Every structure is written in C-alpha cells, then in structure tokens.
Amino acid sequence: MKFTKMEGLGNDYVYVNCFRETVDNPSEVAIKLSDRHFGIGSDGLILIKPSEVADFCMDMYNADGSRSEMCGNGIRCVAKYVYDYGLTDKTDISVETLAGIKYLELQVEDGKVQLVTVNMGAPELTPAKIPVKSDKEIVIREPVEVDGKTYEMTCVSMGNPHCVVFVEDTGKFPLEQIGSQFEHHEVFPNRVNAEFIQILDRKTVNMRVWERGTGETLACGTGACATTVACILNGLTEDEITVHLLGGDLQIRWDRDANLVYMTGPAKVVFDGEIDVNLL
C-alpha cells in the first residue's frame, strides 16, 4: 500500500489515496500504522476517497482505530495532497466529512499549497447535539469534577465534541494525569476532546489538547476553533485570535453575523512510502 505521511502543526496522519488504493479493515490498519515503534507512527489514518456530494471525501480513523467525524489539521493536509499530487487544479474545493461538507481555500506558491483556509461551519452549542449531559441551553463555565478537583468547562461541537477549560498556565498543567479522565467522563456520551487554555491577551491564547482516541497531540484544528468560540462566549478575546499550539500557530475567526468559523494554517508533506500492512 502506497501512503503519504503529512502533518499540520505536528498533528500527523498517514494519508492513503483511495482513488488508487483499497484499504480493508481501516480501523485495524489505523492501529497498526499509527504505532510509533512498530508502525509508521501517526495520530491516525486518513483515507482520501471519491465523493458523490463534494470534490473529495475524507475518511478519518484515530490511532486507537475509532472513527472520527472531522480533523481541522487533517483536512488542510487533504487539500494539499489533492492539489500537490494532481488530483485537482482548483484552489477552492469541497471535502465531504462525517461532520458535513467543508469548503477550503488553497493558497499556492510555486505550484505547491502553503496555507489553507477552511470554512469549518457553524459551532454547535446545544448540549444534546455536542453531546454533553446538561439541563442548560448552553454549557458555559459549568462545573465538572475530575480527579477530585472541580473545573469549569465550556462545551462546543465543531463536528466533534470539545470541552474547553481555562487554566492559569498551560505549561504547568498536568494534562498527562487528567486528560484521559476528561475524555472518558460520564457527562460525555461519545467521549470528548479536551482543550486547556491560557489567555495571553485579547488576541492570543495558548492551548494544549487531549484528543479523543489519541491522547495529547501537538495541535487540533477543530479544538482551536472550539477554543475560539469558547473564548468569545466567555468575553475573553476578540472575534479573531491566534491560537498557539505545541506544533505552531493557527489563525481562527468566528464570523458571528454569518455564524461561521474560519481556520487558516499550514500543511506539509513529511514523506511518501509503501508498506505491506500484512507484515505489521
């Protein structure tokens, strides 16, 4: 099986062109390929497929084999792949995901995609649709007890569920200790991605993320979008901010008039390869 390893701010995935390749049992393959000691090493597997409703389809699997609705960093890499590898010559494309069709604008330099802006759609704030168990209309700074401590969470879905918690210092925050406890907390029926945010000023924040099915990653695009919405709902930032992640920066804007969130960031190819998954 031929593949391409790509990354967006260190959020790395194995990409397979399913216009040419067939992947049987993608959940099992994702687990094998993602292993950083015995496989290729990645945060998961993304299949690029034909679509009947968009230009392309993105089918995503986490490192533990679970299927995910959407990945902001992953979809930017899909855009770079389809352009750089000659599947399209368009600089405005649509991609089908389990979270709906996303629309992307490609910024090209010297024949290669450098930056991608993604219309991530409208944030979902209704608890049942995130989902999170709550009797409130919107979950803003609601208390949740994790590992014997009470935190305040703001919950948003960007096609997948996010729980945003504001902390004093992301660098000192014990994410390795409590990340999994947030992910599997009983208030989240489908588990959750948890973001821990330090406000630097009205236009800049630090973010660390524990991704559902993967653990801590260097970046999460949907998480950065959910974070921006949460910051604005809590009156902490402007409508457009820079989100500093461990892997780099994303520019996120919530157009509240249109109720659409836009994300701009890079996408890079790490290497191309070929592997016999039956030997893993």
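Refer to the structure above for everything that follows.
All of these numbers come straight from a predicted model, not from anything done at the bench.

## Quick look at the layout of surface pockets
1) Next: The calculated volume of the largest pocket comes to roughly 200 Å³.
2) Next: Contributing to the lining of the largest pocket are 13 residues, with Lys2, Thr4, Asn17, Arg20 and Tyr81 lying nearest its centre.
3) Next: Elements supplying a minimum of two residues to the lining of the largest pocket: strand S1 (2–8), strand S2 (11–17) and strand S18 (268–274).
4) Next: By volume, the second largest pocket amounts to about 170 Å³.
5) Next: Around the second largest pocket, the lining residues are Arg141, Lys149, Tyr151, Glu152, Val165, Phe166, Val167, Phe173 and Pro174.
6) Next: If you list the elements that add at least two residues to the lining of the second largest pocket, you get strand S10 (149–157) and strand S11 (161–166).
7) Next: The greatest single-element share of the lining of the second largest pocket, amounting to three residues, is contributed by S10.
8) Next: Split by residue class, the lining of the second largest pocket holds six nonpolar, no polar and three charged.

## Looking at helix H2 (residues 72–84)
1) Next: Taking 1.5 Å per residue, 13 residues should reach 18 Å; H2 reaches 19 Å between its end C-alpha atoms and fits that length.
2) Next: H2 sits mainly inside the fold: 13 of its 13 residues count as buried.
3) Next: Trailing H2 by a residue or two, Gly86 shows a phi angle of about 80°, which is positive.

## Focus: the environment of Gly221
1) Next: Within the secondary structure layout, Gly221 lies in helix H4 (residues 221–233).
2) Next: Separated by 45 residues in the primary sequence, Gly221 and Glu176 have C-alpha atoms spaced 20 Å apart.

## Section: the packing of aromatic side chains
1) Next: The full count for this structure, using the stated rule, is eight aromatic pairs.
2) Next: With a centroid separation of 6.2 Å and 75° between ring planes, the pair formed by Tyr151 and Phe173 is classed as edge-to-face. Taken together, the residues span a long stretch of sequence, with Tyr151 in strand S10 and Phe173 in the loop between S11 and helix H3 (175–183) at a distance of 22 residues.
3) Next: Among the residues examined, Tyr151 registers a relative accessible area of 9% and is labelled buried.
4) Next: A connected cluster of aromatic rings, assembled from ring pairs, spans Tyr151, Phe173, Phe182 and Phe196.

## Quick look at unusual backbone geometry
1) Next: Cis peptide bonds are those with omega within 30 degrees of zero, and the linkage from Ile130 to Pro131 qualifies with -5°.
2) Next: Here Pro131 shows up in the loop between strand S8 (112–121) and strand S9 (142–146).
3) Next: At Asp110, a residue that is not glycine, the phi angle is positive and equals roughly 55°.
4) Next: Tracing the backbone through its elements, the reader meets Asp110 in the loop between strand S7 (100–109) and S8.
5) Next: Phi at Arg141 takes a positive value of approximately 50°, unusual for a residue other than glycine.
6) Next: Checked against the element boundaries, Arg141 lands in the loop between S8 and S9.
7) Next: Using a relative accessible area of 34% as the deciding quantity, one classes Arg141 as partly exposed.

## Points about H3
1) Next: Regarding H3, the residues found buried are Leu175, Ile178, Gly179, Phe182 and Glu183. Along the axis of H3, the buried residues cluster in a sector spanning 145°; they form a single face.
2) Next: Contacts from the buried residues of H3 go to S9, S10, S11, strand S12 (193–201), strand S13 (204–211) and strand S14 (215–217).

## Describing the pattern of salt bridges
1) Next: Using the criterion set out here, one finds 18 salt bridges in the structure.
2) Next: The partner of Asp12 in a salt bridge is Arg36, with the nearest N and O atoms 2.9 Å apart. Separated by 24 residues along the polypeptide, Asp12 in strand S2 and Arg36 in the loop between helix H1 (26–34) and strand S3 (44–49) bring together distant segments of the chain.
3) Next: The exposure class of Asp12 is buried, given its relative accessible area of 8%.
4) Next: With relative accessibility at 49%, the residue Arg36 sits in the partly exposed group.
5) Next: Residue Asp55 pairs with Lys90 through a salt bridge whose shortest N-O separation is 3.0 Å. With Asp55 in the loop between S3 and strand S4 (56–62) and Lys90 in the loop between H2 and strand S6 (92–97), the pair connects residues that are 35 residues apart, well separated along the chain.
6) Next: A single salt-bridge network, built from bridges that share partners, covers Lys5, Asp12, Arg36 and Asp43.

What counts, and at which threshold
Residues numbered from 1 in each chain as written. Predicted model: local features only at pLDDT ≥ 70, side-chain atom pairs only at ≥ 80, totals over all residues. Heavy atoms only, no water. 1 Å grid on protein atoms, 1.4 Å probe; cavity = no way out; pocket = protein on both sides within 12 Å on 5 of 7 lines; lining within 4 Å. Points joined across faces, edges and corners; volume = space filled by probe spheres on them. Helix = DSSP H or I, 4+ residues; strand = E, 2+ residues; numbered from the N terminus. Nonpolar A, V, L, I, M, F, W, Y, C, P; charged D, E, K, R; others polar. Expected span 1.5 Å × (residues − 1). Buried < 20%, exposed > 50% of the residue type's maximum accessible area, 1.4 Å probe, protein only. Phe/Tyr/Trp six-rings, centres within 6.5 Å; stacked < 30°, edge-to-face > 60°. Arc of directions from axis to C-beta. Contact = heavy atoms within 4.5 Å. Salt bridge = Lys/Arg side-chain N within 4 Å of Asp/Glu carboxyl O.

Taken by themselves, the reported measurements are silent on function.
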